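# Chain and residue survey
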Amino acid sequence: MKEYKMRRGEYLEERIPDMESTVEEYFGPITSTEEYKGSDLFVIEEPDNPVFEKIVVGTVEYSGKKDKLGVEFHERDPTELGPDELEAAEDAVDAKNDFLLEATGRDAKARRDSMKRAVEDDPDHDVET
């Protein structure tokens, strides 16, 4: 599960006031929920795009801190995709990036940079030699 922060001064509930309908619009009907860190996230068992096997997405709530977007994309192995499904791969990437941009206000490059900084700032990632 990846967790994404919003831009400074922005909140997830302001960017996406209706998470359920936004998730369905991007990925397909929600089939269930799954608990993650005390929050119920939406599960799409059969996403509209055939590249995805399953998607888990929603608001991860933290007391005393800003909520984060939790997302887990389960994708099919590209070698198992047929020609029509391979064409859907570009749409799958666009859907992921468009959704994450709408939710976080950050494009792919800004999200990567933020994740790198989080790892660099994490004292547990240092390995002693």
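Residues numbered from 1 in each chain as written. Predicted model: local features only at pLDDT ≥ 70, side-chain atom pairs only at ≥ 80, totals over all residues. Heavy atoms only, no water.

## Some words on the side chain of serine 39
The condition that has to hold: Strands here are runs of E lasting at least two residues and helices are runs of H or I lasting at least four, both read from the DSSP assignment and numbered beginning at the N terminus. Pairing of N or O atoms within 3.5 Å defines a polar contact, subject to two protein rules: one partner must be a possible hydrogen donor and the other a possible acceptor, and residues neighboring in sequence count only if both atoms are side-chain atoms. Note on contacts: a residue pair qualifies if any of its non-hydrogen atoms lie within 4.5 Å across the two residues.
Relative to the helices and strands, serine 39 is located in strand β3 (residues 39–44). Separated by 2.9 Å, the side chain of serine 39 and the backbone nitrogen of glutamate 61 make a polar contact. Each residue touching serine 39, except ones within four places of it in the same chain, is listed here: Glu34, Thr59, Val60 and Glu61.

## Comments concerning the packing of helix α2 (residues 19–27) against helix α3 (residues 83–104)
Applicable threshold: For helices, the axis comes from a line fit to the C-alpha atoms of the stretch in contact; other axes are also lines fit to C-alpha atoms, and the angle between any two N-to-C directions lies between 0 and 180 degrees. Working definition: roughly parallel below 35 degrees, roughly antiparallel above 145 degrees, roughly perpendicular at 65 to 115 degrees, and oblique for all remaining angles. Handedness of a crossing is defined here by the sense of rotation of the near helix relative to the far one, left-handed for an anticlockwise turn of less than a right angle and right-handed for a clockwise turn.
For the pair α2 and α3, interaxial distance at closest approach is 10 Å and the crossing angle is 160°. Classified by the angle their axes make, α2 and α3 are roughly antiparallel. In the crossing of α2 with α3, the sense of the turn from one axis to the other is right-handed. Only Ala95, Lys96, Asp98, Phe99 and Glu102 of α3 make contact with α2, whose side of the interface consists of Met19, Thr22, Val23, Tyr26 and Phe27.

## Focus on the pattern of salt bridges
How we decide: Put simply, a salt bridge is a Lys or Arg side-chain nitrogen that is within 4 Å of an Asp or Glu carboxyl oxygen. Residue exposure (1.4 Å probe, protein chains only): buried if accessible area is under 20% of the type maximum, exposed if over 50%, otherwise partly exposed.
Taken as a whole, this structure holds five salt bridges when the rule is applied. Residue glutamate 10 is joined to arginine 7 by a salt bridge in which the shortest nitrogen-to-oxygen separation is 2.7 Å. On the basis of relative accessibility, which here comes to 18%, the residue glutamate 10 falls in the buried class. In this structure arginine 7 comes out as partly exposed when scored by relative accessible area, which is 37%. Among the ionic pairs, glutamate 34 bridges to lysine 54, the shortest N-O distance being 3.6 Å. Taken together, the residues glutamate 34 in strand β2 (residues 32–36) and lysine 54 in strand β4 (residues 52–60) connect sequence positions 20 residues apart. Via salt bridges that share partners, Arg7, Glu10 and Arg15 belong to a single interconnected network.

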